[in-house]
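Geometric and topological summary
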Amino acid sequence: MRREEEASLVGLTIRTSSATASSSSKKGKDVQTINEASDSSPSIKNSPFNSPSLVSPPSSAFVSALQSPYISPRATQPLTTTTAHKPSSPPPEDVPSSSYTPPSDQYEFSDDPSDRKLKLSSACTPDPALPRISFSFPVPRVSLAKVSVSSPATANTTKLRSSDVFIGFHGQNPNLVRFCKWLKSELELQGIACFVADRAKYSDTQSHEIADRVICSVTYGIVVVSCSSLLNYLSLEEVRFFAQKKNLIPIFYGTGPSEIMGLLNCNAIDKECKEAIDGLIKSHEFKLEANESNWRSCVGKTAMILRGKLGRKSVVDKEIVERIDELPFPRNRTFLGREKEIIEMEMAFFGSNGEFLESTTPSSKGEASGLSSEGLADEESDAAVSTRNGKFITLELGRCSEQRSEAPNGGKNSLKRLLKTKKCRSSSGNCKSSSSTSVVCVNGVPGIGKTEIALEFAYRYSQRYKMVLWVGGEARYFRQNLLNLSFSLGVDVSADAEKDRGRLRSFDEQEFEAFKRIKRELFREMPYLLIIDNLEIEKDWWEGKDLNDLIPRNTGGTHVLITTRLPKVMAFDTVQLPVLSSSDAMVLLRGRRKKDYPAEEVEILKVFEEKLGRLSYGLWVIGSLLSELAITPSALFEAVNKVHLEERSASPFLNSNDEGYCRSNPFVAKVLAFCLAVLEQAQGNRNLLSLKMLLVGAWFAPVPIPVNLLAAAAKNMPTGGNRFSKWNKCLSHTFAWCGGCGGLGRRGEEDAAFLLVRLGLARMSNRQPGCWIQFHPITQTFARRRDYILAPKATVQGVRKIENPLLNLDHLWASAFLVFGFKSEPPLVELQAMDLVLYIKRTALPLAITAFTTFSRCTSALELLKVCTNVLEDAEKSFVTQIQDWRQGSLCWKKKTSKKVDEYVWQDVTLLKALLLETRAKLLLRGGHFDSGEELCRTCISIRTVMLGHNHELTLAAQETLAKLVRMRSKI
C-alpha cells in the first residue's frame, strides 16, 4: 500500500514513494516546515572538495546543505549502498558521504566527445533502488525533520558552497562548453559565485542531489538554450523551474526565440516542452542571444545585468581599465585571399561549426546508458531520469502518477529531426565533431603576409575571446613583451621589496614567480587569444629557456597563434602560407586606386609579379608607388631597373638570416632603394624629414613608435650629401614627365610619417595617445644596411626624450643594445664621455630600476648596471691616460688642451659610477647576495668619501646601505 507524505508551504507538494518514506524516517512522523524568513545560515570553513562544479570565489559564504531553507532534502542511503555499483576512492575526511562524488574534473565533463563521461551511463538511469526526489514547484522551502544524517562528528563537514547563479546547459559542442566556462569565469571575476552543470552528464545520484540543491538555493538561474536543450528532460526541468520562480535568465545559443516559438506549431512536442518554451519567451526580456559573432558582448551584458540585480556594482571599480583598442593595427580593409588558411586556423581552434551530433543509430553502450548515440536524451532516457522504484516525480504541481506510457516514436523522432535540421542549416560546417588544438603556428618566408593573416583572424574572431593580446616575438624583446601583458591582465609582477624579516627569495625564484603569475592568469578558463608575431627562435634569448617554459601544454581556454619564419616550432600544429594567387597578386599591384591599364602595361605588372615572387609586401609597395606617383608600370619598372646597388659590407647589427634575405632578393632591394630616392627627390633636399625618419626608425625596436619621438631622433641626424647622385638624373626625368610627386612636398611630423605609410613602408598603429607608426621588418632590414653610422647615434640621442618609459620599454632596450652591445655583439654607437654620463643617468639607470622593480627582470637589470659600470671605468682610464699625456707633453700641446673641462667630466663619471655601485648593492640585497653587495657598497663609500667628504649626505646614505647589508647577513 502506497503511503504519501506531504509537506506544504505556499502550495508546495512533494510526493515520495513508500521506499523513500521508509528509508528516510519512521512511519507516522510529520514533516516539519521551516519559515521562509530563515534564509540565512551560519558560515563555515570552505571545503576543498569541489564536485561537481562547486567553484566559487574564496570570499563566498558557505551554508549548510541540511539547514538551508532552500534545500529540497533527499532520502539518503548509506555510502556503501550508494556507491556499490562502481569502484571509487574513499572520500576525504572533510567531505560527507551525502555529498561525496569521486574526484573528477571541476566541470564534471570532458570536451572529448569520445570520453565516457559524456555518455549518460548512470546520470539519467540511476539505480532504481536509490530514491531521489526531484525539486518541484513552487520553490521548496522545507526540510524533513527525520531525514537520516551523518553522526555529530561529521555533521559539521556536511556543507555545500553557496552559489548566487546556476548556469545550466546541454550539448556536446565544445564551443558551447567553452562559452559556459567563459561565462562562469567572467561572473566569478565580478564576485558572483556560480555553479555550472550539464546534469545529463552526471554519473551518480549524489551529483544530481548536489545540483538539485544548488538549483533550489540560487538567486538567479541562467539556462543556455541550444537546440539540443529542448530534447533533454533535465534542461526543460531547469527552464520550467526558474521560470515559475521568475528568476530565469535565458541565453539563446546558436538559435533564437523565433525558431523556438516555431516549435509550438509542432504536434510532436508534449506539455512540458510547451511550458518550457512559454517560459523562455516570457523571460526573454534581456534579449540575450549568443552567436559566433557576439560571444564577448553577450557575456559582458550578462555580467552587467547580474551585477545590477545582485548589487555588485562596487566590483566594477576593481576592473581593469580597458584600452582604446587591444589590437596594435587598424584592420586592413583591402585584405584579400587566404580564406582557406583562415578556415584551417578556425577549424584547428574551434573544430567544426556543427552541433556535434553523431549518428542516430543507437549503440549497445548508448542503450545501456540511457542515451542515444546522438548524445541527446530520448524518450526512454527521459523516463529513466524520472523513474524511482517504478514511480516518477512529475513537475506538474500536486500530481504524482505512475510511469507514463511512451509516446509514439514517430512524434519524438520528428521533433529531433526538426531541431537537427534547424541547427545544421544555421551552421556552416558538417555535424560531426573534429579535434581541436590550442596552439597554431603560421609560417612562411619573409614578406608573405603572416602578420596580415594573424591580424585578420584576430578581427574576425575577437568576439570569441575575452581579449586579444598581441606580443612581438623578436628574440631580444620577447621576454619584456610577455611581461608587458601584466598591464592588460591586471597582474602584479613586481619584485620583492626589502625585507627585514622572513625568507629572501633568489632572483631566479622571483623571475619564475613573475612568469608564473602571468601564466596562471593567461592560461585558465577565461578565453584569451595570444598572438606571438614574428617568433625568431624557440629559446629565450636572455637565458636560453625553452618555449615550453612560457607556453604550457594545457593553455586552458586561451588560444595561441604564432607567426614565424621557422619551418617548425616544437610540436605545434602548423599552417604553411603559400604565395598569393596570380589574381590576388594583380589586385595588390593595381594599388589602392584600382587603375585599369592597357594590355601592354598589364604584361609589365606580370613581370613585377614574377620578380617579386608574388609576396604580399613587395606587391603592396609597388601598388603604393603606382598609386602615389601617378606613374605607369612600364616607367616604374624602367626606373627600378636602373637603380644601382652598391656593394656594402655586412652590417654588424644584422643577423645572418637578414643578410641572406637581402642578398637573395636583389629586386626587392632595388624597389626599396627607389623608395628612398623618391623621398629624397620629393623633399627637394629642403627638409628630408620622411627620409630621416625612415633611416632612424630602422634602429628602434620592432614595435610601434610615437611620431614625435621618431621626429626628434630624425632631427638629430645630420643632412649628408646626395647618396643617389649616380642615378638621380633618371629620377628627375621620371618625375618631370609623370607630373612630379603630387602631395609629397615639405610637410609636418605627422604628414611625414603618413607619407611613409602611403608608400607602403610603414603602417599606422592604434596605440594612444598621439600618432604611432611601425615599420615593416623588411623595411627596417634594408634601412639598416643603408646607414649604420649616423642613424643609430641619432636614435640613441632621440631616445633620451622619451616621456613615458613604461610605454617605450622596448625602445629603451634597443638603445641600450646600440650603446653597450650584449653577449657577442659589439656596441654600435660610441658616445663621448659627457654624452655617456647623460645617457646612463637619464636612460640606462631608470631602465634597469624599472625592469627590476616593476617586471622582476632581476638578472637583466643587474647585467645592464654592470655593463654601465664597466663602460664608466673605461672612461675613467681614458681620463687618466689624458692627464698623464698632458703632464708629459710639450707646452704647446698643453695650451690646446682644456684640463679643467676634463676634470669636471671626470668627476661626473666617477660619481655616477659610485651611484651605480650603490644601486647594484641595494638590488643585490633583495636577492640575498649580501657579500657581493657589501663589496660594492664599500667601494661606493670610498669613492664618495674622497670626492665629497665623510659627512656628505650621499656618503652617509651609502653607509646606511652597508649597515643594512651587514645586519641582514648576520640574521641569515
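Everything that follows concerns the structure shown earlier in this document.
For the structure given in this document, a descriptive report is provided here. Here the structure is a predicted model, which means the values were calculated and not measured.

1. Describing the overall build of the protein
What the protein contains, in helices and strands, is 36 helices and 18 strands. Across the 972 residues in the protein, those meeting the buried criterion constitute 56%. Across the protein, every contact between residues at least 6 apart in sequence was considered, and the portion connecting residues at least 24 apart equals 80%.

2. Some words on the pairing of strand β13 (residues 528-535)
Most of β13 sits out of view: 8 of its 8 residues are buried. As judged from the 6 bridges shared by strand β12 (residues 467-472) and β13, these two strands associate in the parallel manner. Residue pairing in the sheet places V471 in a bridge with I532 of β13. When β13 meets strand β14 (residues 559-564), the two strands line up parallel, connected through 5 bridges. Counterpart to I532 in the pairing with β14 is I562.

3. Remarks on the side chain of T795
Mapped onto the secondary structure, T795 falls in helix α29 (residues 790-799). In terms of polar contacts, T795 uses its side chain to reach the backbone carbonyl oxygen of V696, at 3.1 Å.

4. Observations regarding unusual backbone geometry
Cis geometry marks the peptide bond from Q768 to P769; its omega dihedral reads 0°. Of note in the backbone geometry, R614 takes a positive phi value of approximately 55° without being a glycine. Mapping R614 onto the fold places it in the loop between α19 (599-611) and α20 (616-629). Overall, the relative accessible area of 28% leaves R614 in the partly exposed class.

5. Observations regarding the packing of helix α18 (residues 582-589) against α19
At a closest axis distance of 10 Å, the pairing of α18 and α19 adopts a crossing angle of 110°. With respect to α19, the axis of α18 lies roughly perpendicular. For the pair α18 and α19, the contacting residues are S582, A585, M586 and L589 in the first and L605, K606, F608 and E609 in the second. In the contact of α18 with α19, the residues fall into 5 nonpolar, 1 polar and 2 charged.

6. Notes on the nonpolar core
Here is a general trend for soluble globular proteins: nonpolar side chains tend to be buried in one another's company. With 195 residues, the main nonpolar core has L187, I222, F820 and I840 as its most contacted residues. For I222, the contacting residues outside a window of four places in its chain are V165, F166, I167, G168, L183, L187, I249, I251, T302 and L306.

7. A short note on the packing of aromatic side chains
Here the structure, examined in full by the defined rule, presents 27 aromatic pairs. Between the aromatic rings of F487 and F855, the centroid separation amounts to 5.7 Å while the plane-to-plane angle is 85°, which identifies the pairing as edge-to-face. Of this pair, F487 sits in helix α16 (residues 485-489) while F855 is found in helix α31 (residues 833-855), placing the two residues 368 residues apart along the sequence. What makes F855 buried here is its relative accessible area of 0%. Between F608 and F637 the ring centres are 5.3 Å apart and the planes differ by 90°, which places this aromatic pair in the edge-to-face class. Of this pair, F608 sits in helix α19 while F637 sits in helix α21 (residues 633-641), and the two are 29 residues apart along the sequence. Like F637, F608 is buried. One aromatic cluster is present, formed by Y477, W541, W542, W813, F817 and F822 through successive ring pairs. Stacked on the ring of F817, the Lys or Arg R476 has its end atom at 5.4 Å from the ring centre.

8. Considering the state of the cysteines
For the structure shown, the criterion picks out 0 disulfides. Looking at the unpaired C937, the closest cysteine sulfur is the one in C940, lying at 5.9 Å. Its relative accessible area of 0% is what places C937 among the buried residues.

9. Thoughts on the sheet that holds β14
Reading across the sheet, the 5 strands line up as β12-β13-β14-β11-β15 and stay open at both edges, with parallel pairing between neighbours. Either end of the sheet is taken by a strand with one partner, and the two such strands are β12 and β15 (573-576). Going across the sheet, the axis of each strand differs from the next one's by a mean of 20°, ignoring polarity. Relative to β15, strand β11 (residues 439-443) runs parallel, the two sharing 4 bridges. Bridge assignment links C441 to a residue of β15, and that residue is T574.

10. A word on the environment of V799
Among the structural elements, V799 can be located in helix α29. For V799, a relative accessible area of 1% gives the class buried. Setting aside its immediate chain neighbours within four residues, V799 contacts F700, L709, H811, L812, S815 and T843.

11. Topic: the packing of helix α24 (residues 689-697) against helix α25 (residues 707-715)
Relative to each other, α24 and α25 sit at 100°, their axes nearing to 8 Å. Compared by their axis directions, α24 and α25 come out roughly perpendicular. Taken together, the residues of α25 that come into contact with α24 (itself represented by L689, K692, M693, V696 and G697) are V707, L710, A711, A713 and A714. Across the contact of α24 with α25, the residue classes tally to 8 nonpolar, 1 polar and 1 charged.

So, how was this worked out
Residues numbered from 1 in each chain as written. Predicted model: local features only at pLDDT ≥ 70, side-chain atom pairs only at ≥ 80, totals over all residues. Heavy atoms only, no water. Helix = DSSP H or I, 4+ residues; strand = E, 2+ residues; numbered from the N terminus. Buried < 20%, exposed > 50% of the residue type's maximum accessible area, 1.4 Å probe, protein only. Contact = heavy atoms within 4.5 Å. Pairing = 2+ DSSP bridges. Polar contact = N/O pair within 3.5 Å; in protein donor to acceptor, adjacent residues only side chain to side chain. Axes fitted to C-alpha atoms, helices over the stretch in contact; angles between N-to-C directions. Parallel < 35°, antiparallel > 145°, perpendicular 65-115°, else oblique. Nonpolar A, V, L, I, M, F, W, Y, C, P; charged D, E, K, R; others polar. Core = buried A, V, L, I, M, F, W, Y, C linked by side-chain atoms within 4.5 Å. Phe/Tyr/Trp six-rings, centres within 6.5 Å; stacked < 30°, edge-to-face > 60°. Lys NZ or Arg CZ within 6 Å of the ring centre and 35° of its normal. Disulfide = S-S within 2.5 Å.

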